[in-house]
Amino acid sequence: MSSRLGKLSDEDLECLLRIRLFETCLLELFSQGQLSGTTHTCLGQEYIPVALRTLIEPGDFVFSNHRGHGHYIARFDDAEGLLAEITGRQGAICHGVGGSQHIYRRGSYLSTGIQGEGLGIAAGVAGHFKRFGSNELAIAYVGDGTWGQGIVYEVLNLAALWQLPLALIVENNGIAQSTPTALQMAGNIEARVRAFGIEYEEVTSTDITEIRRLLSPSFLLSRTQRSPVVITFETMRLGPHSKGDDTRTADEIARARQRDVLTCYEVKFPEQYAAIRARVDDEITTLARRVLDRPPSTWKGLCA
Ligand SMILES: Cc1ncc(C[n+]2csc(CCOP(=O)(O)OP(=O)(O)O)c2C)c(N)n1
């Protein structure tokens, strides 16, 4: 368990807990048959989008993947619109047709469940920003398993060649569905990125303040020099790949739990944690009740 964690602002801890409790609530709703389609939670990885949220500017475009609830909530603080979307109720961000994995907010956010699919679009948007923008960034999240997709290398090539303002964030949780990274990846991500002459940062810390301090120069460089950067987080998922499909051993899961950032905050800052946890618990329970009471959403042609 990390002893290096510094105290968080109430706002950051609240955001971490909001994502955590949103995700546990979703798993519960799924088991009650309240969700259609599938859903992948980001349990254990919440600290990444929470750390990045102060580095992302309003004009930036974020591209997310199948594990994107935390990316969305940290950016827009809109758990309500997302829950309505995933449960197909009125007030849904994309009128309930996107579900858990396919979210669009005009000019600012797109997620897709197809591994790597958003990357080509992210490169296109970065190209647009380079030509017509001032200092906006395209920011794309991928997992380590997605480095088996050819689009990753096409995008790295063009991003380096055209010097695109693209920040590629890799959430390396050491496993892709059921395949450990060590069984599917030759070499490593850093060497692949450096082969393209692209800036690279690796983050092992889970301390939100430290992560911001470490990454702020890379974001600034990419933003002002209009050039790409790849940032890898050595992280772990606490939960299954999607719902009941965890192929890891009990030992591996226990080791992941020991690294859980939220447990560390609970132990180190019990009073702050207890007060915020009670508040957010209440918020998510009330939210779930309110959203599920609504009539189904209907398609209205365009997303927000
Ligand atoms: C092109 C494609 N192939 C397969 C899948 C099925 N699939 C969904 S997530 C996933 C594993 C992704 O692993 P990783 O990129 O490491 O992300 P993580 O799930 O670990 O966050 C797979 C194989 C998919 N969505 N898209």
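Residues numbered from 1 in each chain as written. Predicted model: local features only at pLDDT ≥ 70, side-chain atom pairs only at ≥ 80, totals over all residues. Heavy atoms only, no water.

Novice: I'm lost on the packing of helix 5 (residues 117-132) against helix 6 (residues 150-161) in this one. Help?
Specialist: How two helices sit against one another is set out by the angle between their axes and by the gap between those axes. Interaxial distance between helix 5 and helix 6 falls to 8 Å at its minimum, and their mutual angle equals 15°. Relative to helix 6, helix 5 is oriented roughly parallel. Crossing geometry of helix 5 relative to helix 6 is assigned as left-handed. Residues L119, G120 and A123 of helix 5 form the contact with helix 6, whose participating residues are I151, V152 and V155. Considered class by class, the residues forming the contact of helix 5 with helix 6 number five nonpolar, one polar and no charged. (Axes fitted to C-alpha atoms, helices over the stretch in contact; angles between N-to-C directions. Helix = DSSP H or I, 4+ residues; strand = E, 2+ residues; numbered from the N terminus. Parallel < 35°, antiparallel > 145°, perpendicular 65-115°, else oblique. Left-handed = near helix turned anticlockwise from the far one by under 90°. Contact = heavy atoms within 4.5 Å. Nonpolar A, V, L, I, M, F, W, Y, C, P; charged D, E, K, R; others polar.)

Novice: How do you make sense of the packing of aromatic side chains when you look at a structure like this?
Specialist: What characterises a pair of aromatic rings is the spacing of the ring centres plus the angle enclosed by the ring planes. For the structure shown, the criterion picks out six aromatic pairs. A centroid spacing of 4.5 Å and a plane angle of 15° characterise the contact between F61 and F63, whose relative ring orientation is stacked. Assigned by exposure class, F61 and F63 land together as buried. Centroid distance Y72 to F76: 5.0 Å. Interplanar angle 45°. Geometry classified as tilted. One end of the pair is Y72 and the other is F76, both in helix 3 (residues 69-76) and four residues apart, which spans about a single turn. Here a set of aromatic residues connected by ring pairs shows up, and it is made of Y72, F76 and Y109. The ring of F76 has R105 lying over it, and the distance from NZ or CZ to the ring centre is 3.9 Å. (Phe/Tyr/Trp six-rings, centres within 6.5 Å; stacked < 30°, edge-to-face > 60°. Buried < 20%, exposed > 50% of the residue type's maximum accessible area, 1.4 Å probe, protein only. Lys NZ or Arg CZ within 6 Å of the ring centre and 35° of its normal.)

Novice: It is not clear to me how the nonpolar core should be interpreted in this structure. Could you clarify?
Specialist: Looking at soluble globular proteins, one finds that nonpolar side chains tend to be buried together. Counting residues in each nonpolar core, the largest one holds 63 residues, and the members touching the most others are L52 and F233. The biggest single contributor to this core is helix 1 (residues 10-31), with 10 residues. Excluding anything up to four places from it in sequence, F233 contacts Y47, I48, L52, I169, V170, E171, N172, V203, I211 and L215. Counting 28 residues, the second largest nonpolar core, distinct from the first, contains F61, F63, A140 and L166. (Core = buried A, V, L, I, M, F, W, Y, C linked by side-chain atoms within 4.5 Å.)

Novice: Is there a simple way to explain the site of the ligand in this structure?
Specialist: Within the structure, the ligand sits among 15 residues, and H66, R67, G113, G145 and T146 are positioned closest to it. With respect to the ligand, the backbone of G113 contributes an N or O atom lying 2.8 Å from a nitrogen atom. Here I175 contributes a backbone N or O atom positioned 2.9 Å from an oxygen atom of the ligand. A per-class count over the shell around the ligand returns three nonpolar, 10 polar and two charged. (Near = heavy atom within 4 Å. Polar contact = N/O pair within 3.5 Å; in protein donor to acceptor, adjacent residues only side chain to side chain.)

Novice: Even after reading the chapter, I still don't get the pairing of strand 4 (residues 138-143), so can you show me in this structure?
Specialist: Successive side chains on a regular strand alternate, one facing one side of the sheet and the next facing the other. Counting buried residues along strand 4, six of its six residues qualify, which places the element largely inside the surrounding structure. Going residue by residue along strand 4, you find A138, A140 and V142 tucked away on one face and I139, Y141 and G143 tucked away on the opposite face as well. Relative to strand 4, strand 1 (residues 61-64) runs parallel, the two being bridged by three bridges. Among the inter-strand pairings, V62 is bridged to a residue of strand 4, identified as I139. Strand direction decides the pairing type here: strand 4 and strand 5 (residues 166-172), joined by six bridges, are parallel. Of the residues in strand 5, the one forming a bridge with I139 is A167. Read from strand 4 through helix 6 to strand 5, the crossover connection turns out right-handed. (Pairing = 2+ DSSP bridges. Right-handed = clockwise from strand over helix to strand, strands pointing away.)

Novice: What should I look at first to understand the pattern of salt bridges in this one?
Specialist: Two side chains with opposite charge may pair up if their charged atoms get near one another. What the rule picks out here adds up to 16 salt bridges. Where R18 meets D77, a salt bridge forms, and the shortest distance between an N and an O atom there is 3.2 Å. You can see R18 sitting in helix 1 and its partner D77 sitting in the loop between helix 3 and helix 4 (79-87), a full 59 residues away along the chain. Judged by relative accessible area, D77 falls into the exposed class, the value being 51%. (Salt bridge = Lys/Arg side-chain N within 4 Å of Asp/Glu carboxyl O.)

Novice: Hey, could you run me through the packing of helix 4 against helix 12 (residues 270-292) in this one?
Specialist: Two numbers describe how helix 4 lies on helix 12: the axes approach to 10 Å, and their chain directions differ by 45°. One finds that helix 4 runs oblique with respect to helix 12. The chirality of how helix 4 crosses helix 12 is right-handed. Here helix 4 contributes A79, E80, L83, A84 and T87 to the contact with helix 12, which in turn contributes L287, A288, R290, V291 and L292.

Novice: Which parts of the structure should I look at to understand unusual backbone geometry?
Specialist: Excluding glycine, residues mostly carry a negative phi; peptide bonds, for their part, are mostly trans. Phi at Q163 takes a positive value of approximately 50°, unusual for a residue other than glycine. Classification of Q163 as partly exposed rests on a relative accessible area of 33%. The residue R226 is not glycine, and still its phi comes out positive at about 55°. Using a relative accessible area of 10% as the deciding quantity, one classes R226 as buried.

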